[in-house]
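So the chains spell out like this:
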Protein chains: 2
Amino acid sequence: MTASPLTLDDVHAAARRLRGRIHRTPVIACQSFDDASGYRVFFKCENLQRAGAFKIRGALNKLLTLAPAARARGVVAYSSGNHAQGVALAARMVGTSAVICMPTDAPALKLEATKNYGAEVVFYDRQKDDRAAVARKIVEETGRVLVPPYDDYAIMAGQGTAALELFQEVPSLDVLLTPVGGGGLMAGCSTVAKSLFPGIAVIGVEADTANDTYLSLQKGERVTIPPPPTIADGIRVTSPGALTFPILQKNLTDMSLVNDAEIVVAVRFLALRARLVVEPTGAVGAAAVLAGKLPVARGARVGVVLSGGNIDPALLVEILQAK
Amino acid sequence: MTASPLTLDDVHAAARRLRGRIHRTPVIACQSFDDASGYRVFFKCENLQRAGAFKIRGALNKLLTLAPAARARGVVAYSSGNHAQGVALAARMVGTSAVICMPTDAPALKLEATKNYGAEVVFYDRQKDDRAAVARKIVEETGRVLVPPYDDYAIMAGQGTAALELFQEVPSLDVLLTPVGGGGLMAGCSTVAKSLFPGIAVIGVEADTANDTYLSLQKGERVTIPPPPTIADGIRVTSPGALTFPILQKNLTDMSLVNDAEIVVAVRFLALRARLVVEPTGAVGAAAVLAGKLPVARGARVGVVLSGGNIDPALLVEILQAK
């Protein structure tokens, strides 16, 4: 067995870089959620993070590890939304410029916020274009540095700081849940979890139509699926990352799949009972717990990363009105 | 000058009683709120408190100070909503029973939650009945102990623990804002603020149609207004308390009044940009800041108690759809 290319030390180093620059987000318990689910749940509220999602952790860590000359050339990123905002804000924080490639159907709120952070936005078609290729072209033409959404160890280490903070506050968890899109958040968080608590169950959550990591883990190799239609726009990813996947293979205890109806119930419950605005992607972990989909006995102490809170008002209204 | 009947020591004693029984709620900063308002704001998130509001602090402190025999007889309370839930939950926590007098037009969610905590609900007409008299009748007939919504030093001391926690986390505030209904929250919080930081500006916030405390402070004596129509249902109070008012007179630097439109803007901003669900009453402090109504120069460091998050889904939808 080879040593992991991502270590707890990398995450500690990222935490030192990020300290004082972004929020140490609160960990929140909600009695009515526990009553409804039968678990003892601790929510790590990355919906309350700067730019409304955990993405600033990885993006800022990446930018802070660049050599000054590289950083000064500016950055480029592709993203369905939250990574876009994270990179745009991180670029502003370190005083460089950002070009963000966003899908034409990106949520209006995420598009607007990205522009507000001062980034230039370039659009691509999610059904036709290869977004990585669009970004690479910009890199070649401009010399900007690519900030990948997940397949990068500095990104993963940054995202892992969310779990580090969660465990510092609640060191006695039986289970850790995070959403799985490209796998950056889970690669970082699972590395922290398994390093600190080898016996902990680490469970990734995907939307059932965006089950590329689930299928890949079953097959033992990376599988590519068609662009998935799930309401969870942040994890509409077609395959796990080349670098994240081996880390997930090593660390994950299991996967859990939730459907859009279960996600809607969770978003609604979190808004009205936990008083937290969480976007569909951010709520998939809560959805798995609430829908009884955890392969873990009731009563377990479960850490759930609520990964983001950037939801279009119209969608939030629709979800609040859902019966 | 006579010594205050409510002291910092009372609040410290309440904090010791409450420790581990309720949430130490997070203090949250929101860059976009600061950008929009021109202030540096720290939100004390009592919307994330147990039962969704600060009220459990006072109610539980009160119940924990009762002699066991009195406590065993059960309690009674009257409330437009959050105090009802606070007392109902506090009663359940200490193993006694609660009867709650609620207005016939209480928000459905607050009514439901009060019943769910195991309390018996008795209705009164907010336009016609004297709610205190309704509750006193129950006290006389049953021997239950009245838990007043605000005009009680144990209640005020409990509510003050919110400010104590806020100052422990952010000791360098220039201003403290809380909503003012009957004055219990503000009596407790202002006592903490002025004891720890004599130079701090303490500003109470009322809805402009529920300006009984504003008028009372101007006149130098308690004024009674007609039942106010404001959207902020938790502060539809017609006069400040007999016991709270002298404390507010002593401690308050100023009052700020906000209208319903400003409250709606604040609730919407908090939900979509700070990702916090806050009820209209809970948002009046944020509304005053956002609407530029603070009699304090921009740039000041402002602590704002977001007092509760119990909002009917239909109203939240309406507010999210407001333009």
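Here the structure is a predicted model, which is why all the values come from computation and not from measurement.

Criteria and cut-off values
- Residues numbered from 1 in each chain as written.
- Chains lettered and ligands numbered in written order.
- Predicted model: local features only at pLDDT ≥ 70, side-chain atom pairs only at ≥ 80, totals over all residues.
- Heavy atoms only, no water.
- Pairing = 2+ DSSP bridges.
- Helix = DSSP H or I, 4+ residues; strand = E, 2+ residues; numbered from the N terminus.
- Patch = residues over 30% accessible without salt bridge, like charges linked within 9 Å, V, L, I, M, F, W, Y side chains within 5 Å.
- Areas by Shrake-Rupley, 256 points an atom, 1.4 Å probe, with all protein chains shown as cover.
- Salt bridge = Lys/Arg side-chain N within 4 Å of Asp/Glu carboxyl O.
- Lys, Arg positive; Asp, Glu negative; His and termini not counted.
- Charge placed at Lys NZ, Arg CZ, Asp CG, Glu CD.
- Buried < 20%, exposed > 50% of the residue type's maximum accessible area, 1.4 Å probe, protein only.
- Phe/Tyr/Trp six-rings, centres within 6.5 Å; stacked < 30°, edge-to-face > 60°.
- Arc of directions from axis to C-beta.
- Contact = heavy atoms within 4.5 Å.
- Polar contact = N/O pair within 3.5 Å; in protein donor to acceptor, adjacent residues only side chain to side chain.
- Domains from an automatic or database assignment.
- Buried area = accessible area lost by both parts, 1.4 Å probe.
- Nonpolar A, V, L, I, M, F, W, Y, C, P; charged D, E, K, R; others polar.
- Least-squares fit on C-alpha atoms with pLDDT ≥ 70 in both.

Q: Help me understand the sheet that holds strand S4 (residues 98-103) of chain B, please; the structure alone is not making it clear to me.
A: Hydrogen bonding along the main chain pairs the strands of a sheet, whether they run parallel or antiparallel. Residues and elements named next belong to chain B. Sheet architecture is open: four strands sit in the order S5-S4-S3-S6, paired in parallel fashion. With partners counted over all chains shown, the strands left at the sheet margins are strand S5 (120-124) and strand S6 (145-146), one partner each. Bridge count for strand S3 (residues 75-78) against S4 is four bridges, and the pairing is parallel. Bridged to Ala77 within S4 is Ile100.

Q: Hey, could you run me through a positive patch on the surface in this one?
A: The grouping of Arg16, Arg17, Arg19 and Arg24 of chain A at the surface amounts to a positive patch. On the basis of relative accessibility, which here comes to 48%, the residue Arg24 of chain A falls in the partly exposed class.

Q: I keep staring at the packing of aromatic side chains and nothing clicks. Help me out?
A: Where two aromatic rings form a pair, the distance of their centres and the angle of their planes describe that pair. Residue and element names in this part refer to chain A. According to the stated counting rule, one finds six aromatic pairs over all chains in the structure shown. Ring centres of Phe33 and Phe43 lie 4.9 Å apart, and the angle between their planes is 80°; on these two criteria the pair is classed as edge-to-face. A residue pair is termed long-range when its members are at least 10 positions apart, and Phe33 in helix H2 (residues 31-37) and Phe43 in strand S2 (residues 40-45) qualify at ten residues. Each member of the pair, Phe33 as well as Phe43, carries the same accessibility label: buried. Aromatic rings pair up to connect Phe33, Phe43 and Phe269 into one cluster.

Q: Would you mind showing me how to read the environment of Asp233 of chain B here?
A: Residue and element names in this part refer to chain B. Among the structural elements, Asp233 can be located in the loop between helix H10 (212-219) and helix H11 (244-251). We classify Asp233 as buried; its relative accessible area is 9%. Spatially, the C-alpha atom of Asp233 lies 18 Å from that of Asp151, the residues being 82 residues apart in sequence.

Q: Explain helix H14 (residues 313-321) of chain B to me, please; I cannot follow it from the model alone.
A: Since there are 3.6 residues in each turn of an α-helix, residues three or four apart along the chain are aligned in direction. Residues of H14 of chain B that are buried: Pro313, Leu316, Val317, Ile319 and Leu320 of chain B. Buried residues of H14 of chain B, seen end-on, are gathered within an arc of 165° and therefore sit on one face of the element. Those residues of H14 of chain B that are exposed and aimed more than 90 degrees away from the buried face are Ala314 and Glu318 of chain B. Looking at the buried residues of H14 of chain B, the elements they touch are helix H12 (260-272) and helix H14 (313-321) of chain A together with helix H6 (108-116) and helix H12 (260-272) of chain B.

Q: Looking at this model, I keep getting lost on the side chain of Thr244 of chain B. Mind explaining?
A: Residues and elements named next belong to chain B. Topologically, Thr244 is positioned in helix H11. Judged by relative accessible area, which is 0%, Thr244 ranks as buried. Of the polar contacts made by the side chain of Thr244, one reaches the backbone oxygen of Gly182; its length is 2.8 Å. Setting aside residues up to four positions removed in sequence, Thr244 forms contacts with Tyr150, Asp151, Met156, Gly182, Gly183, Gly184 and Ala187.

Q: Got a minute to help me understand the interface of chain B and chain A in this structure?
A: When the parts come together, some accessible area is lost, and that loss is often what is quoted as the size of the interface. At the junction of the two partners, chain B supplies 25 residues and chain A supplies 25 residues. Viewed at the interface, chain A and chain B are joined by zero salt bridges. Elements supplying a minimum of two residues to the side of chain B that touches chain A: H12 and H14 of chain B. Residue contributions to the side of chain B that touches chain A peak at five residues, all from H14 of chain B.

Q: For this particular structure, what's the right way to read the domain arrangement of chain A?
A: All names here are of chain A. Looking at the assigned domains, one finds that chain A contains domain 1 (8-52 + 152-321) and domain 2 (55-146). A separation of 23 Å is found between the C-alpha centroids of domain 1 and domain 2. In this assembly, 31 residues from domain 1 lie in contact with 24 residues from domain 2. Across the domain 1 to domain 2 interface the summed buried area is about 2,300 Å²; carbon plus sulfur atoms make up 52%. Here domain 1 is connected to domain 2 by three salt bridges. Between Asp152 and Lys62 there is a salt bridge; the shortest N-O distance is 2.6 Å. Counting every contact that joins domain 1 to domain 2 gives ten residue pairs in polar contact (both at pLDDT 80 or more). Mapped by element, the contributors of at least two residues to the side of domain 1 that touches domain 2 are helix H1 (8-18) and helix H8 (153-169). Looking at which element gives the most residues to the side of domain 1 that touches domain 2, the answer is H8, with eight residues. Partitioning the side of domain 1 that touches domain 2 into residue classes produces twelve nonpolar, eight polar and eleven charged.

Q: Just checking my understanding: could you explain the relation of the copies chain B and chain A for this structure?
A: When chain B is brought onto chain A, the operation consists of a screw motion whose angular component is 180° and whose axial shift is 0.0 Å, with 0.0 Å RMSD remaining. Such a combination of turn and shift is consistent with a two-fold rotation axis. Mapped onto chain A, 100% of the interface residues of chain B again fall at the interface, so both copies present the same surface.

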